[in-house]
Amino acid sequence: MSDILLDIKGLKVEGKSADTWQQIINGVDLTLNRGEVIGLIGESGAGKSTLGLAAMGYAHDGCRISGGSVNFDGIDLLNLSSAQSRGLRGKRIAYVAQSAAASFNPAHRIIDQYTEGPVVHKVKGRTEAKKEAEVLFEKLQLPNPHTIGFRYPHQVSGGQLQRAMTVMAMSCKPDLIIFDEPTTALDVTTQIEVLSAIRNIVDEFNTAAIYITHDLAVVAQMADRIKILLKGDQVEEAPTAEMLDAPQEEYTKSLWAVRSLKSPIKPAPAKGDVPLIQVQGVTAAYGKVPVLHDVSFDIHKGRTVAVVGESGSGKSTAARVIAGLLPPSEGQVLIGGEAFPTHFKQRSKAQLQQVQMIYQMADTALNPKQKISEIIGRPAEYYLDLKGKAARERVRDLLFQIELEPDQFIDRYPSELSGGQKQRIGIARALAAEPSFIICDEVTSALDQLVAEGILRLLQKLQGDLDLTYMFITHDLATVRAIADDVIVMKDGALVEMGSREDIFAPPHPDYTELLLSSVPQMDPNWLTTVLNGRAQER
Amino acid sequence: MIALIQLILSRVALGLLTLLIVSAVIFLSVELLPGDLAQEILGQRATEESVAAMRRDLGLDRPLIERYVSWLGGALRGDFGVSLANGRAIQDLIGERFINTLLLAAYTASIAVPVAISLGLAAALYRNSIFDRMVNVTTLITISFPEFFVGYILILFLSSKLGWFPGISNIRGDVGFFEFLYKTFLPALTLTLVITAHMMRMTRAAIINLLARPYIEMADLKGMPRRRIILKHALPNALAPIINVIALNMAYLITGVVLVEVVFVYPGLGQLLVDSVSKRDVTVVQAACLIFASVYIILNLTADVLSIVTNPRLMHKK
């Protein structure tokens, strides 16, 4: 028996856009042995998900496999009838999707979605499958393994659901599982649990896996080999340790280099300086749901303050309170020593001008029907009373500042820009008001690492040139390490800790900060094992 | 569970409030008609004394609010007063006809709902196939013709030419169950043709709308057969819009079938309403309108509650 489980040769996939077929994958090879895990790395649009699905002989709606061969354990997947390939999917090749919340059917209990695979594929009966599910739930340390299956997907948290989906993929004991960014949507503290769950289960059943991600540190923990894709082409492939230590290609090296960005340490603000932003005893709620509990912090002029925490920790809400979008029920916000009205509608034009925002999704934050000149020109016109030629000149200056060629971009629409360019326009729009304070709400989390790094560098440069103050909301601690001067850690609507970057990252830490910091994946392939062993000993 | 009961109770309360408002509108709209009701009944040559006596008999000399309350109170007990045209108690006039209308509606629904949903599911399963297009075109044709036209065509072919079914559905007295089905087959078929298209197209659209969802792709990647994907994975999530369109069509079957009843001389509520309007029998019109409004509100309420009950997010809180 040969050891090769999956053999993909010269695979080409086309996607339909605007009525023409365009190549998404231009002839990629992939070989996978039994029990082996290969990591697929690449930016968005690299074709890694498409390649993963092609390993099941499947293409999304609007895509087609146009060339090459996919051989799975001696079966040519591209020449199967629909019924034959359905017989393999779920039974011998399983799939774990990025968002378990969207990929579990909201209408059925988790256990029923688990058992339907084995029952329909006639691998085992319902009762037996149920018993096995409980064993697996327990193995993946899901709470209440005997009853959790009877819950509906919306009754279970995101991290638990992602583990339940991994369990579901195991239901027929497949030979191969495709993991498509299974932890991308999770907080770091949850991610680590899911990662260890996946690794345990893959080890125990000696399942081969294709692990797709854009996070190098994650793939370093999971994969035996790493393959790097760029725009549908293979860049290089090597065993994990070798790839981490000695990447060969320029592109790979540039991916590795992103992690080296680090801003210089600024001197601490002088005592007695009035902070630019003072949040004092703020308590806020959405309707009846309390979100912030007595939160106080200062932000000094010219500094970058990172606010970190998991989803639901209240970090965006704090920003909304400062911007006047959500009036607090108690407490107040002082800007430049002056108490601002709590609701933005009661703030004067000069007060509004002080605080500007940059949003996470540049896609939805820019009006698709307006040209760049209008998007950036509007705040310039409103706050600075610039009209006609003067406004256009101002837009050109701003485009120049955000490193986009003015003549090329000024008359374009947002749809004609890339993700990184759109985010730059978002920055220019905030700058156009000439604010003193900018709130950056997860501005890089929707971007690929290289692009995100460019945005961070730009923000740093602008801060130096224009003496700006940033409140930088993020859940990504690597970003915090790169650019923050001060750090605020939040959990469940309250402050855990605040201080300068050196203080926060240097031990000793409060328990929660420790958990948060130790959960951030490191490039060391042994990181996950070390952390988990360490945590097991503490228990 | 308590939150769920609260939600349902609040829907019921809203339904009752709507019904109260509608009853007031029905009552007032008759009041606002020009002329004096007693004068209308007795004709132009009646003496002033007889008109005054008539007004007393009808209770028209009492204040508006008082009359409204006593009318509504009577209606709640099933007592709608007497017909102005022939002096008979309205509940006797309406009772049997309302039951006839309900029977015809139930007959039609028992054919149309299963047919429409099966066709809709099959069309979604084999979408863009010849079958899908055929079903779409055929149902579109049947819905495009006015219902009386469909009725006459059916009478022409199935009754006059082939003689399979009676063209007149004038059921009277004690008809047996199968005799009823036989005699009312043509009106039921007519109504089926009229309402199937709407429900079928809505079912198809609701299912197809869901097919791009990640959980449908997941079912596909689990190797589930297409039929199972449609029935087990898409249909339960499409129930709310389907239930609503069924309720809408059920309401039409009870309140909108006047023309079909006239074509087939079927003794239903619709015919009574038409007769009463032409005879200016306002008390009967009022009663019929109130019954129609109640049916509408009850059916919509049922659809609301069913939508809640079939939604696990509402049934099983976190």
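What counts and how
- Residues numbered from 1 in each chain as written.
- Chains lettered and ligands numbered in written order.
- Predicted model: local features only at pLDDT ≥ 70, side-chain atom pairs only at ≥ 80, totals over all residues.
- Heavy atoms only, no water.
- Helix = DSSP H or I, 4+ residues; strand = E, 2+ residues; numbered from the N terminus.
- Buried < 20%, exposed > 50% of the residue type's maximum accessible area, 1.4 Å probe, protein only.
- Contact = heavy atoms within 4.5 Å.
- Pairing = 2+ DSSP bridges.
- Salt bridge = Lys/Arg side-chain N within 4 Å of Asp/Glu carboxyl O.
- Axes fitted to C-alpha atoms, helices over the stretch in contact; angles between N-to-C directions.
- Parallel < 35°, antiparallel > 145°, perpendicular 65-115°, else oblique.
- Left-handed = near helix turned anticlockwise from the far one by under 90°.
- Nonpolar A, V, L, I, M, F, W, Y, C, P; charged D, E, K, R; others polar.
- Expected span 1.5 Å × (residues − 1).
- Arc of directions from axis to C-beta.

### Observations regarding the side chain of His108 of chain A
Phase 1 of the analysis: Relative to the helices and strands, His108 of chain A resides in the loop between α3 (100-103) and α4 (110-120).
Phase 2 of the analysis: Residue classification places His108 of chain A among the buried residues on the basis of a relative accessible area of 15%.
Phase 3 of the analysis: Ignoring any residue separated from it by four or fewer positions in sequence, one finds His108 of chain A in contact with Gln113, Tyr152 and Pro153 of chain A together with Lys232 and Pro236 of chain B.

### Regarding the sheet that holds strand β15 (residues 338-339) of chain A
Strands pair in a sheet through their backbones, by hydrogen bonds, and they do so in one of two ways: parallel or antiparallel.
Residue and element names in this part refer to chain A.
Phase 1 of the analysis: Spatial ordering of the open sheet is given by β12-β11-β14-β15, a layout of four strands whose pairing is antiparallel. Each edge of the sheet is formed by a strand with only one pairing partner; in this case those strands are β12 (289-299) and β15.
Phase 2 of the analysis: Both strand β11 (residues 277-286) and β12 contribute to a ladder of seven bridges, which runs antiparallel. When the bridges of β12 are listed, Val279 appears paired with Phe297.

### Structural notes on the pattern of salt bridges
Residues and elements named next belong to chain A.
Phase 1 of the analysis: Per the counting criterion, the structure on display carries 34 salt bridges over all chains.
Phase 2 of the analysis: Close ionic contact of Asp7 with Lys9 constitutes a salt bridge, the shortest N to O distance being 2.8 Å.
Phase 3 of the analysis: Asp7 sits in the buried class, given a relative accessible area of 17%.
Phase 4 of the analysis: A salt bridge links Arg225 to Glu237; the nearest nitrogen and oxygen atoms lie 2.2 Å apart. With Arg225 in strand β9 (residues 225-230) and Glu237 in strand β10 (residues 233-239), this pair connects stretches of sequence that are twelve residues apart.
Phase 5 of the analysis: Of the residues examined, Arg225 reaches a relative accessible area of 16% and is grouped as buried.
Phase 6 of the analysis: With a relative accessible area of 28%, Glu237 lands in the partly exposed category.

### Describing the packing of helix α7 (residues 147-161) of chain B against helix α9 (residues 185-210) of chain B
All names here are of chain B.
Phase 1 of the analysis: Relative to each other, α7 and α9 sit at 135°, their axes nearing to 9 Å. When the interaxial angle is binned, α7 and α9 end up oblique. Where α7 crosses over α9, the two elements pack in a sense that is right-handed. Counting all contacts with α7, which are made through Glu147, Val150, Gly151, Leu154, Ile155, Leu158 and Ser159, the residues of α9 involved are Leu186, Leu189, Thr190, Leu193 and Val194.
Phase 2 of the analysis: For the contact of α7 with α9, the class distribution of residues is eight nonpolar, three polar and one charged.

### Here's the deal with helix α15 (residues 388-401) of chain A
Residue and element names in this part refer to chain A.
Phase 1 of the analysis: Under the 1.5 Å per step criterion, the end-to-end length of α15 is 20 Å for 14 residues, consistent within 8% with the ideal 20 Å.
Phase 2 of the analysis: The complete set of buried residues in α15 reads Ala391, Arg394, Val395, Leu398 and Leu399. Across the axial projection of α15, the buried residues extend over an arc of 140°, all falling on one side. α15 presents Lys389 and Phe400 as exposed residues on the side facing more than 90 degrees away from its buried surface.
Phase 3 of the analysis: Against α14 (372-384), α16 (406-409) and α17 (419-432) lie the buried residues of α15.
Phase 4 of the analysis: One or two residues past the end of α15 sits Glu403, with phi positive at roughly 65°.

### Thoughts on helix α12 (residues 239-255) of chain B
Phase 1 of the analysis: In a regular helix each residue adds 1.5 Å, so 17 residues correspond to 24 Å; α12 of chain B covers 24 Å between its end C-alpha atoms and thus fits that length.
Phase 2 of the analysis: In this structure, the buried residues of α12 of chain B make contact with α5 (90-125), α9 and α15 (282-309) of chain B.

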